Amino acid sequence: MTTVLVVGAGQSGFQAVASLRDRGFDGRVVLVGDEPGVPYQRPPLSKAYLAGTAGLEQLHLRGADFFAEKDIELVEARVRSIDRAARKANFEDGRELDYDFLVLATGARNRTLPVPGANLPGVLTLRTRDDADRLRASLEQAEDVVVAGGGFIGLEFASHAGRPVTIVEAQDRLLNRVATPEISAYFAELHRAAGHTVLLGQGVAALHGDERVREVELSDGTRLPADLVVVAVGVVPETALAEAAGLPVRNGVVVDAHLRTADERIFAIGDCANFPCVQAGAETRLESVQNAVDQARCVAAAITGTAEPYASLPWFWTDQAGAKLQIAGILSGADRTVVAGDPAEGKFSVLSFRDDVLVAVESVNRPADHIAARRLFTAEPKPAYADLEASAFDLKAHLK
Ligand code: FAD
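Not measured: the values here are computed from a predicted model.

A. Region of interest: the sheet that holds strand β14 (residues 213-218). An order of β13-β14-β15 is seen for the three strands of this open sheet, with the pairing classed as antiparallel. For this open sheet the edge positions go to β13 (204-209) and β15 (223-225), each flanked by a neighbour on one side alone. Strand after strand, the sheet turns through a mean of 25° between neighbouring axes, direction not considered. The pairing of β13 with β14 spans five bridges and is classified as antiparallel. Following the sheet pairing, V204 is matched in β14 by L218.

As structure tokens, this is what we get:
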């Protein structure tokens, strides 16, 4: 009997095993994860779950009965190493398991702040359910909350923490890595209007305290009072297993267009995988639910005999400061932007072009634009600047 072993029981690992069964795979399916309980989704951790408006059950991707019904073995353990020659995985608890195909779905871990005081009590991060529980409990007692990092996670945390916080961002704009300057400026205003202090161009130089953190020292020497510091400065892909097994690793586990590593029996998907992205025209590692789910489906198809190159359109959403931002496409390499709609009304989209071809659409409270963009990006030819200009950049007018 063919055995598929999926390492990492997060968004992509869960989807891989579910899709294998959906496609009629009747071999042995083992999903190994080092977090307790059934697989859960992370997006609510910085939104409804943090705010206390969603409970544990709403995090779960499926209940325990699903795994029993589908004959999927859900194993709580950490995989320590992979023996590629013997096609065997060794678990930290001493167990080992033979596989025919192995899927690395190990995700990413949070970056830490490389500054003095980073390990003080009261300095927390947000990746797992346990992290979210700790943060919720700390928020109840904290007086002064500082968020280090103005990316998606830091800003969502600020939005759903239920109180004003100070956001410290080393770059000169929020969402620097992931959004256009127009979107950055809009959200900086929204967060300020919501009562948060947004400090741009200021790194965290040190954290000071005694039995817990008391102050955040900024790069210009300013000291902010803080008894809770949330570090949200990005993630590092979890590649240790691949590296130790001699597989190429470069900002993630390197895979080909079919999401296969250099070993044809081993795939990598989700946050841990660096893949040739069709839309970016370059090696890319994405951190999104869409990417995790679609890559898992692609690998399940490959294992069940219908391999297709991975080409799904990247898309993403975030809820913050009372607004919904949805992004379709890939911003890298964009050389021109147009704003459609009126930011003052709180509903607009930023269209980004590369060589006069539409490559990304960021929509704020304009879900119809997002849906239209996703449909346009998956059809040919891709909309050109001149065509869109002729319709006053109304994306819906171009749907066939
Ligand atoms: P993960 O979901 O991280 O799963 C990896 C799992 O593998 C983990 O459980 C890890 O512990 C386990 N693991 C690692 N190594 C081993 C090992 N050796 N043995 C056993 N287990 C191992 N995306 C969006 O599109 N929209 C959002 O609004 C959004 N919000 C988010 C909010 C938060 C707070 C976070 C943290 C992420 C958010 N994301 C969002 C990103 C999205 O959740 C991730 O991209 C997605 O979870 C990636 O799935 P994955 O399976 O690759 O990794």
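B. Spotlight on the site of the ligand. As a matter of local geometry, the ligand sits amid 33 residues, with S12, D34, E35, K47 and R127 nearest to it. Between the ligand and V79, the relevant distance is 3.0 Å, taken from a nitrogen atom to a main-chain nitrogen or oxygen of the residue. In this structure, R127 approaches the ligand through a side-chain N or O atom, which is 2.6 Å from an oxygen atom. In isolation the ligand has 1000 Å² of accessible area, and contact with the protein removes 95% of it. The set of elements that each furnish at least two residues to the shell around the ligand consists of α1 (11-22), β2 (28-33), α5 (152-160), α8 (289-303) and β22 (315-320).

C. Local environment of the environment of E35. One can find E35 in the loop between β2 and α2 (48-51). With 40 residues separating them along the chain, E35 and V75 place their C-alpha atoms 9.9 Å apart. Not counting chain neighbours up to four residues away, the residues in contact with E35 comprise Y40, R42, E76, T128 and R129. In terms of polar contacts, E35 uses its side chain to reach the side chain of Y40, at 2.3 Å.

D. Representation of the pairing of strand β24 (residues 336-342) within the structure. In this sheet, strand β25 (residues 347-354) lies alongside β24 in antiparallel orientation, the contact comprising seven bridges. Among the inter-strand pairings, G341 is bridged to a residue of β25, identified as F348. Hairpin geometry of β24 and β25 is characterised by an intervening segment of four residues between the two adjacent antiparallel strands and by a positive phi of about 75° at G346.

E. Highlighting the packing of aromatic side chains. Under the defined criterion, the tally for this structure stands at 12 aromatic pairs. The interplanar angle of 50° and the centroid separation of 5.7 Å between the aromatic rings of F14 and F66 together place this pair among those described as tilted. Of this pair, F14 sits in helix α1 while F66 is found in helix α3 (residues 64-69), placing the two residues 52 residues apart along the sequence. Here F14 and F66 have matching classes, each one buried. Ring centres of Y186 and F348 lie 4.8 Å apart, and the angle between their planes is 70°; this geometry places the pair in the edge-to-face category. Residue Y186 is found in helix α6 (residues 181-193), and its partner F348 is found in strand β25; the two are separated by 162 residues along the sequence.

F. View of the nonpolar core. By size, the foremost hydrophobic cluster in this structure holds 57 residues, and its most contacted members are L5, L102, L104 and I303. Ranked by the residues each element gives to this core, the list is headed by α8, at six residues. Look past the residues within four positions of L104 in its chain and what remains in contact with it is V7, I82, L241, A242, V253, I266, F267, A268, I269 and C272. The next biggest cluster of nonpolar side chains, apart from the first, holds 37 residues, and it includes L59, L126, L135 and F316.

G. How the structure looks around the packing of α1 against α8. Two numbers describe how α1 lies on α8: the axes approach to 8 Å, and their chain directions differ by 35°. Pair α1 / α8 crosses with right-handed handedness. Residue-level inspection shows Q11, S12, Q15, A16, S19 and L20 of α1 in contact with α8, the latter providing V289, A292, V293, A296, R297, A300 and I303. Of the residues belonging to the contact of α1 with α8, the class tally is eight nonpolar, four polar and one charged.

H. Representation of the sheet that holds strand β5 (residues 88-91) in the model. The sheet built from three strands is open, its strands ordered β4-β5-β6 with antiparallel pairing. With one partner strand each, in any of the chains shown, β4 (79-83) and β6 (96-98) form the two edges of the open sheet. Neighbour-to-neighbour, the strand axes of this sheet turn through a mean angle of 20°, independent of strand direction. In terms of strand pairing, β5 meets β6 through three bridges, oriented antiparallel. By the bridge assignment, N90 is partnered in β6 with E96.

Conventions used here
Residues numbered from 1 in each chain as written. Predicted model: local features only at pLDDT ≥ 70, side-chain atom pairs only at ≥ 80, totals over all residues. Heavy atoms only, no water. Pairing = 2+ DSSP bridges. Helix = DSSP H or I, 4+ residues; strand = E, 2+ residues; numbered from the N terminus. Axes fitted to C-alpha atoms, helices over the stretch in contact; angles between N-to-C directions. Near = heavy atom within 4 Å. Polar contact = N/O pair within 3.5 Å; in protein donor to acceptor, adjacent residues only side chain to side chain. Areas by Shrake-Rupley, 256 points an atom, 1.4 Å probe, with all protein chains shown as cover. Contact = heavy atoms within 4.5 Å. Phe/Tyr/Trp six-rings, centres within 6.5 Å; stacked < 30°, edge-to-face > 60°. Buried < 20%, exposed > 50% of the residue type's maximum accessible area, 1.4 Å probe, protein only. Core = buried A, V, L, I, M, F, W, Y, C linked by side-chain atoms within 4.5 Å. Left-handed = near helix turned anticlockwise from the far one by under 90°. Nonpolar A, V, L, I, M, F, W, Y, C, P; charged D, E, K, R; others polar.

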